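Structural characterization, general
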Amino acid sequence: MWKRIFGMHKAVHALDRELATQRALRRFIEGLPAAPPEVSLQAVAAVFEAAPELGVAPAARLQALCELDEFARPSCRVLAERLFDNSPKQALCDAQWQRLHQYHRALDIGYRAAIDAIDPRGGDSELRARVALAACRAMHAMAHCHVLLRMRYREPAATSWQTIERLLATSRAHSVANALLALYPDETDETTLEREYLLAAAFETAPNATLLPAQVRAVDLILRRHADELRLGETFDAALMPFALDRAGDLRPRRWLKGLACRPGMRFFGLGQAYAHIIAERSRAASARTTPEWLAPSRLSVERYRDLLEALTSQWALEPPARRQRREPTAGEVRIAHDFTLIRRLIGFGELARTGRSLEYDRFSAYGINGMVRGHHDAQLRAPTEARTLSTEEALHNLETFERALEPGTTEIWKVTDTSESGLGAEAMGTSIWVKPGMLIASRSPANAQWALSVVRRVNRAADGALRVGLCKLPGSPRGVRVTVNDGKQTAGAAPTAPTLHYDAIMLAADEPSLLLPPGVFDPVWRYTLTIGNRREFIRMHRCSECGFDFERIDYAIVPAQQAA
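Residues numbered from 1 in each chain as written. Predicted model: local features only at pLDDT ≥ 70, side-chain atom pairs only at ≥ 80, totals over all residues. Heavy atoms only, no water.

1. What to know about the overall build of the protein
The helix and strand tally for the protein stands at 14 helices and 18 strands. Across the 565 residues that make up the protein, the buried fraction comes to 46%. Put simply, of all contacts in the protein between residues at least 6 apart along the chain, 68% involve residues at least 24 apart. When the accessible surface of the protein is totalled, it reaches about 29200 Å², and 52% of it is carbon and sulfur. (Helix = DSSP H or I, 4+ residues; strand = E, 2+ residues; numbered from the N terminus. Buried < 20%, exposed > 50% of the residue type's maximum accessible area, 1.4 Å probe, protein only. Contact = heavy atoms within 4.5 Å. Areas by Shrake-Rupley, 256 points an atom, 1.4 Å probe, with all protein chains shown as cover.)

This is the structure:
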């Protein structure tokens, strides 16, 4: 009785009249903007976000949401294609990412609110079919939210998995968890809610923290291509179902270890034959020149595709890769810089600073009219060409003088969380949206006057907003050098000719020296001249030992001068 009384006085939402009847709904959809896609998607998302407050009858509300979603589907596809407009730099288009994430999150909110208002014990077959469709679309939207978050290296919150579990329980109450259907009228592929649930879980077991955004998108495409092979069960099997979902504890999917006690309510899942298909695809990709057509939405290059398949087969193997070195907790700070050109410049700053030169020496002039003439042995003033022995404090002061000449924000300060023999764990203190796996990083402690080089291996932004980065140290002391393509007419005794092609590079001086070059410079056919200070060596590049995001690490050897042309 009280429910009826309060329901009679319930405030009418502004959208109730627009969605109450089929005729009103058609007029409302006709009035929505179809372009630009960002505006269209935002308008529909606003309706879904308001769904829990609508006073429309449950069946009419569910039908209205389904038709609005179908209206916005073309706009959603357009924005998804524009996500990687900056694909060479793996930079996501921020506006498109924001709209897509907002839309998929709104779909989940709206569909769940509409389904919860429908009694699972009643309704005709048409309403039951619409509930199955809405529930599956909601799970599909949640899975895409996780993919979008991982493209930004963000970890889905635990509440997100709680929502997924509740949606699965609701669909089972309506007996629609295994209903086979096409999500949208213009799609031929069929899926089920339980399959979408498994896809979301399997996606989280991939090494997403080590992948580039396009590779993260490709993981979702690969899993969807083999979705029929995924398996879900109530019993742990180290070979067939090694991953677990613990509903009584942390709901995040994770690999379960043999010997651990299984608690009531746990679910286990595995890739099934999908893993065998991925291994076979890795063999085909080794000699392929292009990526498969079904992978086109990711805009992934064939080289990155091969790297992805190697990472997936390693991560999903029966014995996954384990940490080789022990990490020791460490507290401190480290200064960070990125961009190949800037890193080489900072290395040059360090070389000058350790030899006793800084920007303050620019004021030196032995012939200044009003200057004070000092002797060569005067410690307060020394010509730039004179060598001197520097303390660590003096070298650091000189380096900081150089670095202050850079633009603000060029370098960042990160917190050090742990260290190992060849690695470093850090937590970024800013947004640092530029960080990507495979990127070359320069770092130095505040008390050190020399920059060291590392490669980003893992990036993960936790639910609390902290960005945690794993760095792998590159061996050897870095030094700025120059690489020049040899002139075929140049002889060993002739004076150096003007270079036709030259590149700034970084040499890592170690037992086996190597060169760091921008991507695309390495060519084993050519011979090059390596300039180190005032010394010139003819070299031959052998192989690319590491292909990073913004650099290539090249092994080389010095060749006799007569063979350099």
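2. Here we look at the sheet that holds strand β18 (residues 552-558)
In spatial order, the strands read β13-β14-β15-β18-β17-β16; together these six strands close into a barrel with antiparallel pairing. Neighbouring strand axes in the sheet, compared pairwise and without regard to direction, differ in orientation by 45° on average. Sheet topology note: the strand β17 (residues 535-547)/β18 ladder contains seven bridges and is antiparallel. Across the sheet, residue Arg540 finds its bridge partner in β18, namely Ala557. Helix α13 (residues 340-354) rests against β13 (477-485), β14 (502-509) and β15 (514-517) of the sheet, and its axis sits at about 120° to β13. (Pairing = 2+ DSSP bridges. Axes fitted to C-alpha atoms, helices over the stretch in contact; angles between N-to-C directions.)

3. Some thoughts on the confidence of the model for the protein
For the protein, mean pLDDT is 84; residues scoring 70 or higher make up 87% of the total. Scored below 50 in pLDDT, residues 1-9 makes zero contacts in the model with residues more than four places away or belonging to other chains. Note on residues 358-378: pLDDT is under 50 here. Beyond four places in sequence and across chains, it has 20 contacts. (pLDDT = per-residue confidence, 0-100.)

4. Quick word on the nonpolar core
Grouped together as the largest cluster of nonpolar side chains are 93 residues, with contacts concentrated most on Leu19, Leu68, Tyr111 and Met151. When residues of this core are assigned to their parent elements, the largest contribution, 16 residues, is made by helix α7 (residues 125-151). Residues contacting Met151, with those up to four places away along its chain left out, are Leu83, Phe84, Leu92, Trp97, Pro213, Val216 and Arg217. Residues Phe340, Leu342, Val455 and Ile506 belong to the second largest nonpolar core, which totals 24 residues. (Core = buried A, V, L, I, M, F, W, Y, C linked by side-chain atoms within 4.5 Å.)

5. Here's the deal with the pairing of strand β8 (residues 412-419)
Each regular strand shows side chains that alternate between the opposite faces of the sheet. Pairing of strand β7 (residues 328-338) with β8, which is carried by seven bridges, proceeds in the antiparallel orientation. Bridging across to β8, Val334 finds its partner in Trp414. In terms of strand pairing, β8 meets strand β9 (residues 423-428) through five bridges, oriented antiparallel. When the bridges of β9 are listed, Trp414 appears paired with Ala428. Following β8, the chain reverses through three residues before pairing antiparallel with β9.

6. Thoughts on unusual backbone geometry
For the bond running from Ala35 to Pro36, omega is -5°, close enough to zero to count as cis. Tracing the backbone through its elements, the reader meets Pro36 in the loop between α3 (22-30) and α4 (37-49). With phi around 60°, Ser175 is a residue other than glycine that occupies positive phi space. Along the polypeptide, Ser175 turns up in the loop between α8 (158-173) and β1 (181-182).

7. Description of the packing of aromatic side chains
The description of an aromatic ring pair uses the distance of the two centres, along with the angle that the planes make with each other. Counted according to the given criterion, the structure contains six aromatic pairs. Each ring, one from Trp256 and one from Phe268, has its centre 6.4 Å from the other, and the planes form 75°; the classification is edge-to-face. With Trp256 in the loop between β5 (254-255) and β6 (267-270) and Phe268 in strand β6, this residue pair connects regions lying 12 residues apart in the sequence. On the accessibility criterion, Trp256 (6% relative accessible area) is buried. Grouping aromatic residues by their ring pairs yields a cluster made of Phe236, Trp256 and Phe268. (Phe/Tyr/Trp six-rings, centres within 6.5 Å; stacked < 30°, edge-to-face > 60°.)

8. Focus on the environment of Glu537
Following the sequence through the fold, Glu537 ends up in strand β17. For Glu537, a relative accessible area of 22% puts it in the partly exposed group. Linking Glu537 and Ala557, residues 20 residues apart in sequence, is a C-alpha distance of 9.7 Å.

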